[in-house]
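Residues per chain are reported as follows:
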Amino acid sequence: GESVGLHLPTLSVQEGDNSIINCAYSNSASDYFIWYKQESGKGPQFIIDIRSNMDKRQGQRVTVLLNKTVKHLSLQIAATQPGDSAVYFCAEKSYGGSQGNLIFGKGTKLSVKP
Amino acid sequence: GAGVSQSPSNKVTEKGKDVELRCDPISGHTALYWYRQSLGQGLEFLIYFQGNSAPDKSGLPSDRFSAERTGGSVSTLTIQRTQQEDSAVYLCASSLGGRTQDTQYFGPGTRLTVL
């Protein structure tokens with residue numbers, strides 16, 4: 001059968017460069033967003049989150065930008081390192097809603113060239 | 001401290017057999033989630049437990065899927081009469097509570113292969 005892995009967006013960057021990973025969300029009611037990093041053979045690992053009352057939040061080497069007007073989320077990684085190679089997922093949730101689960105995007109594979 | 005653990009890490013079964021997947025959440029976490037991840041895909045929600053409340057089963061794909069959480073801690077996901085399309089990585093997560101901002105911490109997953 002078709003390998004859906006072939007359709008995973010891929011971003012290839014040189015070590016030391018900055019990376020920008022984008023995500024579009026569809027639910028206007030979503031007001032809480034999270035980025036996860038998933039290395040091969042492991043579960044997703046929390047990176048950073050942002051609420052809809054913010055448009056930018058910074059962590060260590062990472063920045064998340066939120067544009068609610070166009071329902072777009074991005075993750076910026078500064079000075080990308082080989083250890084950053086992984087699949088990155090954005091996830092969304094409605095703040096205070098009864099729904100407990102996260103809704104995940106399909107992911108972007110980041111490859112860092114040494 | 002210890003993170004979320006899952007067992008087995010890999011499970012190969014024959015079509016039509018039943019399987020049980022286990023999740024041990026982080027101690028003290030009241031919320032527990034099961035997700036499924038097919039090859040190259042994002043995570044698909046299956047079921048959510050929060051404290052003593054009735055679980056949210058809205059993501060279970062068929063009545064062959066069920067899950068229990070005993071004593072508010074360990075959870076077991078059961079798939080009856082497995083089909084080849086059930087092949088995926090099954091991920092468990094837990095969070096301190098069920099609030100939106102409570103970070104979900106994931107286990108390493110169980111890779112299920114149905115022959």
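Keep in mind that this is a model prediction, so the values were computed, not measured. (Residues numbered from 1 in each chain as written. Chains lettered and ligands numbered in written order. Predicted model: local features only at pLDDT ≥ 70, side-chain atom pairs only at ≥ 80, totals over all residues. Heavy atoms only, no water.)

> Account for the overall build of chain A, with residues named and values stated.
Looking only at helices and strands, chain A features 0 helices and 10 strands. Listing every helix and strand of chain A by position from the N terminus yields β-β-β-β-β-β-β-β-β-β. By sequence separation, contacts in chain A at least 24 residues apart represent 54% of the contacts at least 6 residues apart. (Helix = DSSP H or I, 4+ residues; strand = E, 2+ residues; numbered from the N terminus. Contact = heavy atoms within 4.5 Å.)

> Quick rundown of the sheet that holds strand S6 (residues 62–67) of chain A? Include the residues and the values.
All names here are of chain A. The strand order across the open sheet built from 4 strands is S2-S7-S6-S5, with neighbouring strands paired in antiparallel fashion. Two strands bound the open sheet, and with one partner strand each, they are strand S2 (19–24) and strand S5 (56–58). Strand-to-strand twist across the sheet, computed as the mean angle between neighbouring axes with direction ignored, equals 15°. Taken together, the 3 bridges between S5 and S6 define a ladder with antiparallel strand orientation. (Pairing = 2+ DSSP bridges. Axes fitted to C-alpha atoms, helices over the stretch in contact; angles between N-to-C directions.)

> Describe the interface of chain B and chain A, listing the residues and the values that go with them.
Frequently, the measure chosen for interface size is the accessible area that the parts lose on association. Across the contact, 21 residues belong to chain B and 25 residues belong to chain A. Here chain B and chain A share an interface that buries about 1800 Å² over both sides, 54% of which is from carbon and sulfur atoms. Counting the contacts that link chain B with chain A gives 0 salt bridges. Of all the secondary structure elements, the ones that give two or more residues to the side of chain B that touches chain A are strand S4 (31–37) and strand S5 (43–50) of chain B. Residues that form the side of chain B that touches chain A fall into these classes: 9 nonpolar, 10 polar and 2 charged. (Buried area = accessible area lost by both parts, 1.4 Å probe. Salt bridge = Lys/Arg side-chain N within 4 Å of Asp/Glu carboxyl O. Nonpolar A, V, L, I, M, F, W, Y, C, P; charged D, E, K, R; others polar.)

> Residue-level account of the pairing of strand S10 (residues 108–113) of chain A, with values.
Residues and elements named next belong to chain A. Burial along S10 is one-sided: Thr 108, Leu 110 and Val 112 are buried, while Lys 109, Ser 111 and Lys 113, pointing the other way, are not. Strand direction decides the pairing type here: strand S1 (residues 10–14) and S10, joined by 5 bridges, are parallel. Across the sheet, Ser 12 pairs through a bridge with Ser 111, a residue of S10. Here strand S8 (residues 86–93) runs beside S10; their pairing, made up of 3 bridges, is antiparallel. Looking at S10, one finds that Val 87 is bridged to Lys 109. (Buried < 20%, exposed > 50% of the residue type's maximum accessible area, 1.4 Å probe, protein only.)

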